[in-house]
Amino acid sequence: MESIQLSTSDGQQLAADIAVPDDTPVGGVVVCHPHPAYGGNRFNNVVEALFAALPEAGFATLRFDFRSGAGDGAAERLDVIAALDGLAERTDAPLALAGYSFGAAVALTTDDQPVTAIVAIAPPLGMMPVPTPQVPTLVLTPRHDQFCQPDAAQAIVAHWPDCEFEAIESADHFLMGHTADVAARAVSYLEARCRPTPRSTDP
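Remember, it's a predicted structure, so these values are computed and weren't measured experimentally.

**Student:** Explain the environment of Ser-101 to me, please; I cannot follow it from the model alone.
**Tutor:** Tracing the sequence through the fold places Ser-101 in the loop between β5 (95–100) and α3 (102–108). The exposure class assigned to Ser-101 is buried, which follows from its relative accessible area of 12%. Along the backbone, Ser-101 and His-159 are 58 residues apart, and their C-alpha atoms lie at a distance of 21 Å. If sequence neighbours within four positions are ignored, Ser-101 has contacts with Pro-34, Ile-121, Ala-122, Pro-123, Pro-124 and His-173.

Below is the structure:
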């Protein structure tokens, strides 16, 4: 792991960590953390689980801290773009986004960037409207999420193109005791979309 600084297009400096596998990465993933006003940062437990699992699976992975004074996600979108640019400097593999809570909502608003897929973990869809993503998307919603129940989340994403929805049983929004499961699901989903499909050897 290497600690770096990111520079946004509007002059913000963001702390970040990057982990690049020794072998050629199968993909690159930027991980976005929960709202900093409520204690979220790049060391959040869900972010930590993703940042451990993704490099082990062959992904170049970057986590970062959103700017101070975070708001409704509009300015934070510039933070995500800076993170994608920073990761693209380290790998030419397909890029993807993974976010948790507020970070999931911001990731979903940044899908016009060159990303292959998005993993949105416990996105507060009823509280933060997001546009319909135009890339493959996995939405993971805790069964007992305090901010967006599975039925409400599933109704919102039902008409999203190429979207998979999964409920995390026995979990609430904070996912205590479920971070390894969430990370494993994210890895599996992203592996299927970033790894090249083997060519058939049949005549």
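From this point on, the discussion continues.
**Student:** Help me understand unusual backbone geometry in this model?
**Tutor:** Residues apart from glycine generally show negative phi values, whereas peptide bonds are mostly found in trans. Look at Ser-170: it is not a glycine, yet its phi comes out positive at around 65 degrees. A relative accessible area of 61% means that Ser-170 is categorised as exposed. Backbone geometry at Leu-175 places phi at a positive 60 degrees, although glycine is not the residue there. Examined against the element boundaries, Leu-175 turns out to sit in the loop between β8 (163–172) and α5 (179–194).

**Student:** Where do I start with the pairing of strand β1 (residues 2–7) in this structure?
**Tutor:** Across a regular strand the side chains alternate sides, sitting on one face of the sheet and then on the other. Both β1 and strand β2 (residues 13–19) contribute to a ladder of 6 bridges, which runs antiparallel. Looking across to β2, one finds that Ile-4 is bridged to Ala-16. Linking β1 to β2, which pair antiparallel, is a turn of 5 residues; within it Gly-11 sits at a positive phi near 90 degrees.

**Student:** Looking at this structure, I do not really get the sheet that holds strand β3 (residues 27–32). What am I missing?
**Tutor:** Strand pairing in a sheet relies on backbone hydrogen bonds, with the paired strands running either antiparallel or parallel. Strand order in the open sheet made by the 8 strands is β1-β2-β4-β3-β5-β6-β7-β8, with mixed pairing throughout. On the outer flanks of this sheet lie β1 and β8, each paired with one strand and no other. For this sheet the average axis-to-axis angle between neighbouring strands, irrespective of direction, equals 20 degrees. Sheet contacts for α5: β3, β4 (59–64), β5, β6 (117–121), β7 (137–144) and β8; angle to β6, the most-contacted strand, approximately 165 degrees.

**Student:** Would you take a moment to explain the packing of aromatic side chains for this structure?
**Tutor:** Any two aromatic rings considered together are summarised by their centre-to-centre distance and by the angle between their planes. The tally for this structure, following the rule as stated, stands at 2 aromatic pairs. Between Phe-64 and Phe-66 the ring centres are 5.1 Å apart and the planes differ by 80 degrees, which places this aromatic pair in the edge-to-face class. Relative accessible area serves as the criterion here: at 0%, Phe-64 is assigned to the buried category. Looking at Phe-66, the relative accessible area reads 6%, which means it is buried. Positioned over the ring face of Phe-51 is Arg-63, at 4.2 Å from the centre of the ring. A cation sits over an aromatic face here: Arg-193 above Tyr-189, 3.7 Å from the ring centre.

**Student:** Any chance you could explain the environment of Ala-37 here in plain terms?
**Tutor:** As for its position among the elements, Ala-37 is in the loop between β3 and α1 (45–56). In the structure, Ala-37 is positioned 32 residues away from Gly-69 in sequence and 7.5 Å away in space, judged by C-alpha atoms.

**Student:** Explain helix α4 (residues 150–157) here, please?
**Tutor:** Residue pairs spaced three or four apart in an α-helix point in one direction, given the helix's 3.6 residues per turn. Listed as buried for α4 are Pro-150, Ala-153 and Val-157. Along the axis of α4, the buried residues cluster in a sector spanning 65 degrees; they form a single face. In this structure, α4 carries Asp-151 and Ala-155 as exposed residues pointing more than 90 degrees from its buried face. Structurally, α4 contributes buried residues whose contacts are with β7 and β8.

Definitions and cut-offs
Residues numbered from 1 in each chain as written. Predicted model: local features only at pLDDT ≥ 70, side-chain atom pairs only at ≥ 80, totals over all residues. Heavy atoms only, no water. Helix = DSSP H or I, 4+ residues; strand = E, 2+ residues; numbered from the N terminus. Buried < 20%, exposed > 50% of the residue type's maximum accessible area, 1.4 Å probe, protein only. Contact = heavy atoms within 4.5 Å. Pairing = 2+ DSSP bridges. Axes fitted to C-alpha atoms, helices over the stretch in contact; angles between N-to-C directions. Phe/Tyr/Trp six-rings, centres within 6.5 Å; stacked < 30°, edge-to-face > 60°. Lys NZ or Arg CZ within 6 Å of the ring centre and 35° of its normal. Arc of directions from axis to C-beta.

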